[in-house]
Amino acid sequence: MVLRLTDLIHCFGKPFNDEGVDFDTPVGQVCTDTRKLQKGDFYIALCGEHYDGHEFLVNAYELGSQAAFISFDCSISVPQKFLHWRVKDTLEAYQKLACLHREDLEIPVVAITGSVGKTTTKELISFALMSLGEITFTYGNNNNDIGVPQTLLNANSNSAAIVLEMGMRGLGQIKKLSCCSKPDIAVITNIGTAHLAHLGSRENIALAKCEITACLKPDGVVIIPAGDKILEQALLLNWQGRIIRVSLDVNYSNDSTISSIRDNYTSGKIDYTGILIVKKWLLECRGYKFQLPFEGVHNAKNFMYAIAVADQLGISLECLHRLNIPTPSGRNNILSLASITVLDETYNASPESVKASLDLLALKPGRHFAVLGTMLELGKNSVRYHQQIVEYAASLGIDGLIICSSGLEADAMAISGRTIEFLTVVSNPEDAFLVLKKWLNDGDCLLLKASRNVKLERLIPLLKNYF
């Protein structure tokens, strides 16, 4: 099926300036930026804090836009022959249009949220589903109220499935994205401490994440980690349908298996259990062995979600044996610079993701160094979380730590790290590089991890040029 202009009348009412219009015409490519608009595109005049798309209506018309969504209260003159619909909220109309398109395609939609691991899990699931055909999935940071409908609208008749990443900063946001996409499968990777500044507690974070089930298909399924009491309780308030729980046992050597999940709370049976052989980064599940595309226990957990989704969509798990996935910038990126190994995790940071990265660092050969920066949006307990992270690094026996931070967080981190042999505090990545030049030797391993605004990625070219 193809969404046509006549379908919009049923949802948005009669348009303006419709004389001579063939409403059997397919809706053109949807565009929200006239700098990218092509002839025949359907223009939506979105409004943001620093822009108003209505200011470019004339430009859109002159470029050959097919039609447009315009706000009721728009006072800007509309070209006389420009076919358009007046709507209360152009963003809401944009999301409704994406939903119409999603329903028109009749293909499975997988939605993913969580405090950490969303993007990696989205990548793993997208590549795990590629035996079905062409997969449309979230690119870059398009996981918000504009990006999710954009991804839905990018899907076409050749798409076999849609994989969506959903982010949020407060209650009610993921609910809107769920209603826009009406997923068949929802994945909640975890409930952590990111966004505590906005939501105040893990319980509220869990409620916000569980909004992904708001418009989940009644015969759909939610996939979650086993053993999280807070997540289980929040989910049962929002969802009465099927739940799949996954767990991971970790084998750090040939003769000992460490299970961290079985003693924790779980209110239901575990559907998928994986055994991770750390020395080989090999994951065993349901009689199959999978070579992990990304190292780290946390990435093995993310891979478990991909196994569960693929299995639910009828894909043979043999197809997942060795997925060739491009490494996203600043995530899961292991660089070999001469004889120095760098774990590039510069994209973002939360207490949970920093601990996971430190765990991976500790498994690497050689001396272990880290540059850790500020973690944002942690609310009133921010100082304590920063202190705990450095205490954890010290407990792992890290050899050196550069704290790229300031204020109370930096002070707390420095106090917690006083037992670390090499320790210093700097204010920017460039100063961190000057220290690393003195500290690092052949065979050392370095972790870079901080929130986005610290911009630790500026260290990468400096390290490459030097080493």
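Cut-off values and rules
Residues numbered from 1 in each chain as written. Predicted model: local features only at pLDDT ≥ 70, side-chain atom pairs only at ≥ 80, totals over all residues. Heavy atoms only, no water. Helix = DSSP H or I, 4+ residues; strand = E, 2+ residues; numbered from the N terminus. Rg over C-alpha atoms; globule rule 2.2 N^0.38 Å. Buried < 20%, exposed > 50% of the residue type's maximum accessible area, 1.4 Å probe, protein only. Contact = heavy atoms within 4.5 Å. Areas by Shrake-Rupley, 256 points an atom, 1.4 Å probe, with all protein chains shown as cover. Arc of directions from axis to C-beta. Polar contact = N/O pair within 3.5 Å; in protein donor to acceptor, adjacent residues only side chain to side chain. Pairing = 2+ DSSP bridges. Axes fitted to C-alpha atoms, helices over the stretch in contact; angles between N-to-C directions. Phe/Tyr/Trp six-rings, centres within 6.5 Å; stacked < 30°, edge-to-face > 60°. Lys NZ or Arg CZ within 6 Å of the ring centre and 35° of its normal. Salt bridge = Lys/Arg side-chain N within 4 Å of Asp/Glu carboxyl O.

S.K.: Explain the overall build of the chain to me, please; I cannot follow it from the model alone.
M.R.: Along its length, the chain carries 15 helices and 20 strands. Taken against the 2.2 N^0.38 rule, which gives 23 Å for 467 residues, the C-alpha radius of gyration of the chain at 24 Å falls within 12% of a compact globule. Its C-alpha atoms give the chain principal-axis dimensions of roughly 75 × 50 × 40 Å. In the chain, which comprises 467 residues, the proportion classed as buried is 54%. Long-range pairs, those at least 24 residues apart, make up 65% of the contacts in the chain with a sequence separation of at least 6. Here the chain displays about 20,700 Å² of accessible surface, and carbon together with sulfur accounts for 48% of that area.

S.K.: Just to check I follow, could you spell out helix H14 (residues 429-439) for this structure?
M.R.: Count 3.6 residues to each turn of an α-helix, and residues three or four apart come out pointing the same way. Among the residues of H14, those classed as buried are Pro429, Ala432, Phe433, Val435, Leu436 and Trp439. Along H14, the residues classed as buried sweep out an arc of 165 degrees about the axis, all on the same side. Those residues of H14 that are buried lie in contact with strand S17 (368-373), strand S18 (400-404), strand S19 (422-426), strand S20 (445-449) and helix H15 (459-466). If you check the start of H14, you find a side-chain oxygen 3.1 Å away from the backbone N of Glu430, and it comes from Asn428.

S.K.: When you look at the sheet that holds strand S1 (residues 30-31) in this model, what are you seeing that I'm missing?
M.R.: Adjacent strands of a sheet pair through backbone hydrogen bonds, lying either parallel or antiparallel. Spatially, the four strands line up as an open sheet ordered S1-S2-S3-S4, and their pairing is parallel. The open sheet has two free edges, formed respectively by S1 and strand S4 (84-87), since each of these has just one partner strand. Of the strand pairs in this sheet, S1 and strand S2 (residues 42-44) are connected by two bridges, and their pairing is parallel. Paired with Val30 across the two strands is Phe42, which belongs to S2. Strand contacts of helix H1 (residues 5-12): S2, strand S3 (67-71) and S4, with the helix running at about 20 degrees to S4, the strand carrying the most contacts. Contacting S1, S2, S3 and S4, helix H3 (residues 90-105) runs over the sheet at an angle of about 140 degrees to S3.

S.K.: Sorry, what's going on with the pairing of strand S8 (residues 185-188) here?
M.R.: Note on strand geometry: in a regular strand, side chains alternate between the two faces of the sheet. The side-chain alternation of S8 yields two buried faces, one formed by Ile185 and Val187 and the other by Ala186 and Ile188. The pairing of strand S5 (residues 109-113) with S8 spans four bridges and is parallel. Within S8, the residue paired with Thr113 across the bridge is Ile188. Pairing between S8 and strand S9 (residues 221-225): three bridges, direction parallel. Residue pairing in the sheet places Ala186 in a bridge with Val222 of S9.

S.K.: Help me understand the packing of aromatic side chains in this model?
M.R.: The full count for this structure, using the stated rule, is 14 aromatic pairs. Between the NZ or CZ atom of Arg331 and the centre of the ring of Tyr347, over which it lies, the distance is 3.5 Å. Here the guanidinium or amino end of Lys355 rests over the ring plane of Tyr392, the centre of that ring lying 5.5 Å away.

S.K.: Would you mind going over the pattern of salt bridges with me for this structure?
M.R.: Tallied over the entire structure, the rule returns 19 salt bridges. With a closest N to O distance of 3.9 Å, Glu284 and Lys289 form a salt bridge. Through salt bridges with shared partners, a single ionic network connects Arg102, Asp184 and Lys217.

S.K.: Would you explain helix H9 (residues 229-238) in this entry?
M.R.: Buried within H9 we find Ile230, Leu231, Glu232, Ala234 and Leu235. Looking at the buried positions of H9, the neighbouring elements they touch are S8, helix H8 (202-210), S9 and strand S10 (242-251). One side-chain oxygen at the N-terminal end of H9 lies 3.1 Å from the backbone nitrogen of Ile230; it belongs to Asp228.

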